[in-house]
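Examination of the molecular architecture
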Amino acid sequence: MSETIGARQAQRNKTRRALLDAALSLLEEQGLGSLGLREVTRVAGVTPTAFYRHFRDTEELGIALVDEALQSLHGTVRSTLTASGDAEQRIDTTVGLMAELVREYPGHIRFIVRERHGGVRRVREAVSGQLDAFADEVAERLGADPLSAGWSADDLLMLARLYVDHMVMTVSAYLAAGPEGEEWAAVARTARRQLRLIHTGRLNWTPERPRRQGRRASSDHD
C-alpha cells in the first residue's frame, strides 16, 4: 500500500514539475497574462484535467513560479548578507553571486523581472510581497552593523530596498546582455560602481533629526 501511495505521489510531483517547466519555457516569449492553460498542458504532455489537480488557473501557477523563483533569489540575498571581507570584496562577491543566479535560473529570473510590473495583479502582488520580505531581512541585518549606528528603522529599510532593487536591476541587465561576453563584463562593472556609490552614500549618510513640534507651531503662528 505504501509503495502504491509513494508511486502516485512521485507521479504527481513529476506532473507538477512538467507543468512548471512548460510554463517557464513558454514565458520566455510572452507574459503570464497571455499564457493559455491548454498551451501549457500541451507542452507539458498532460491533459487539462491533470492541470486542475495541481492549480486552479494560470494565476495560481504563476504564484507557484514566484515562490519557486524567489527561493533561489533568497539564497543569493542570504549569501550576500553573510559575505566576509572589506567593502570591495563584498561588492565583488555580490556581483558574482548575481551572475551565477542568472546562469543557473535564467527562466525564473526572466519571469520575476517581467511579472514584477506585469498585468496579472495577484502574481504582481506576490512578487512585491516577496521582495518586501527580502528588504525586511536585509534591513534587520544592516541594523546590526556598527555602520548603521543611529539610523532609524525607516532609513535602514530605505537602504535595504536600494540593495534589493539593485539586485533585481542587475540580474535583469545580465539577462538583457545575452550570452556571456563583453556585455556581461560591462554589466558587472556597472553593478560594482553602483554598489560603491550606495556604500559611499551609506558612509556619509546623516540620519534626519526629528522636527520639534513646538518650534514649528511657533513659526506657523508667527
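About the thresholds
- Residues numbered from 1 in each chain as written.
- Predicted model: local features only at pLDDT ≥ 70, side-chain atom pairs only at ≥ 80, totals over all residues.
- Heavy atoms only, no water.
- Helix = DSSP H or I, 4+ residues; strand = E, 2+ residues; numbered from the N terminus.
- Buried < 20%, exposed > 50% of the residue type's maximum accessible area, 1.4 Å probe, protein only.
- Areas by Shrake-Rupley, 256 points an atom, 1.4 Å probe, with all protein chains shown as cover.
- Lys, Arg positive; Asp, Glu negative; His and termini not counted.
- Charge placed at Lys NZ, Arg CZ, Asp CG, Glu CD.
- Core = buried A, V, L, I, M, F, W, Y, C linked by side-chain atoms within 4.5 Å.
- Contact = heavy atoms within 4.5 Å.
- Expected span 1.5 Å × (residues − 1).
- Arc of directions from axis to C-beta.
- Phe/Tyr/Trp six-rings, centres within 6.5 Å; stacked < 30°, edge-to-face > 60°.
- Axes fitted to C-alpha atoms, helices over the stretch in contact; angles between N-to-C directions.
- Parallel < 35°, antiparallel > 145°, perpendicular 65-115°, else oblique.
- Left-handed = near helix turned anticlockwise from the far one by under 90°.
- Nonpolar A, V, L, I, M, F, W, Y, C, P; charged D, E, K, R; others polar.

1. Let's talk about the overall build of the protein chain
- Across its full length, the protein chain carries 10 helices and zero strands.
- Going from N to C terminus, the protein chain has its helices and strands arranged as α-α-α-α-α-α-α-α-α-α.
- Considering only C-alpha atoms, the protein chain reaches an extent of 75 × 50 × 40 Å along its principal axes.
- Taken across its 222 residues, the protein chain has 36% of its residues classed as buried.
- When the accessible surface of the protein chain is summed, it comes to about 13,200 Å², and 50% of that surface belongs to carbon and sulfur atoms.
- When the 30 positive and 31 negative side-chain charges of the protein chain are each reduced to one mean point, those points stand 2 Å apart.

2. Details of the nonpolar core
- Ranked by internal contacts, the top residues of the largest apolar core, which has 59 residues, are Leu35, Leu61, Val66, Val95, Phe111, Leu131 and Tyr174.
- Mapped onto this core, the elements with two or more residues apiece are helix H1 (2-26), helix H2 (37-44), helix H4 (58-81), helix H5 (87-104), helix H6 (106-115), helix H7 (121-143), helix H8 (153-177) and helix H9 (182-203).
- If one sorts the elements of this core by residue count, H8 sits on top with 10 residues.
- Non-local contacts of Leu131, meaning those with residues more than four positions away in its chain, are made with Leu70, Leu73, Arg116, Val164 and Val168.

3. Here we look at H5
- A rise of 1.5 Å per residue sets the reference length of H5, with its 18 residues, at 26 Å; its end C-alpha atoms lie 26 Å apart and thus fit the reference within 8%.
- Restricting attention to buried positions, one finds in H5 the residues Ile91, Thr94, Val95, Met98, Ala99, Leu101 and Val102. Down the axis of H5, the buried side of the element spans an arc of 155 degrees, and every buried residue falls inside it.
- For H5, the secondary structure elements touched by its buried residues are H4, H6, H8 and H9.

4. A few points about the packing of aromatic side chains
- Inspection of the entire model under this criterion finds four aromatic pairs.
- Ring plane angle 45 degrees and centroid distance 6.2 Å describe the contact between Trp151 and Trp205, whose orientation is recorded as tilted. One end of the pair, Trp151, is in the loop between H7 and H8; the other, Trp205, is in the loop between H9 and helix H10 (213-221), with 54 residues separating them in the sequence.
- When its relative accessible area of 13% is taken as the criterion, Trp151 is described as buried.
- Relative accessible area serves as the criterion here: at 36%, Trp205 is assigned to the partly exposed category.
- Put simply, the rings of Phe51, Tyr52 and Phe55 pair up and form one aromatic cluster.

5. Side note on the packing of H6 against H8
- Two numbers describe how H6 lies on H8: the axes approach to 10 Å, and their chain directions differ by 120 degrees. Taken together, the axes of H6 and H8 are oblique relative to one another. The two elements H6 and H8 meet at a crossing, and its hand is left-handed. Seen from H6, the contacting residues are Pro106, Ile109, Arg110 and Val113; seen from H8, they are Val168, Val171, Ser172 and Leu175.
- Of the residues in the contact of H6 with H8, the class split is six nonpolar, one polar and one charged.

6. What about H9?
- The end-to-end C-alpha separation of H9 is 32 Å, in line with the 32 Å expected for 22 residues at 1.5 Å each.
- Among all positions of H9, only Trp184, Val187, Ala188, Ala191, Leu195, Ile198, His199 and Arg202 are buried. One face of H9 carries all of its buried residues, which in axial projection span an arc of 105 degrees. Of the residues in H9, the exposed ones pointing more than 90 degrees away from the buried face are Glu182, Glu183, Arg193 and Leu197.
- In this fold, the buried residues of H9 make contact with H5, H7 and H8.

7. Thoughts on the side chain of Ser148
- By the secondary structure assignment, Ser148 is in the loop between H7 and H8.
- The contact partners of Ser148, leaving out residues within four places of it in the chain, are Leu142, Gly143, Leu156 and Arg202.

8. Description of the side chain of Arg202
- When you line up the elements, Arg202 lands in helix H9.
- With a relative accessible area of 6%, Arg202 lands in the buried category.
- Excluding residues that lie within four positions of it along the chain, Arg202 makes contacts with Leu142, Asp145, Leu147, Ser148, Trp151, Leu159 and Tyr163.

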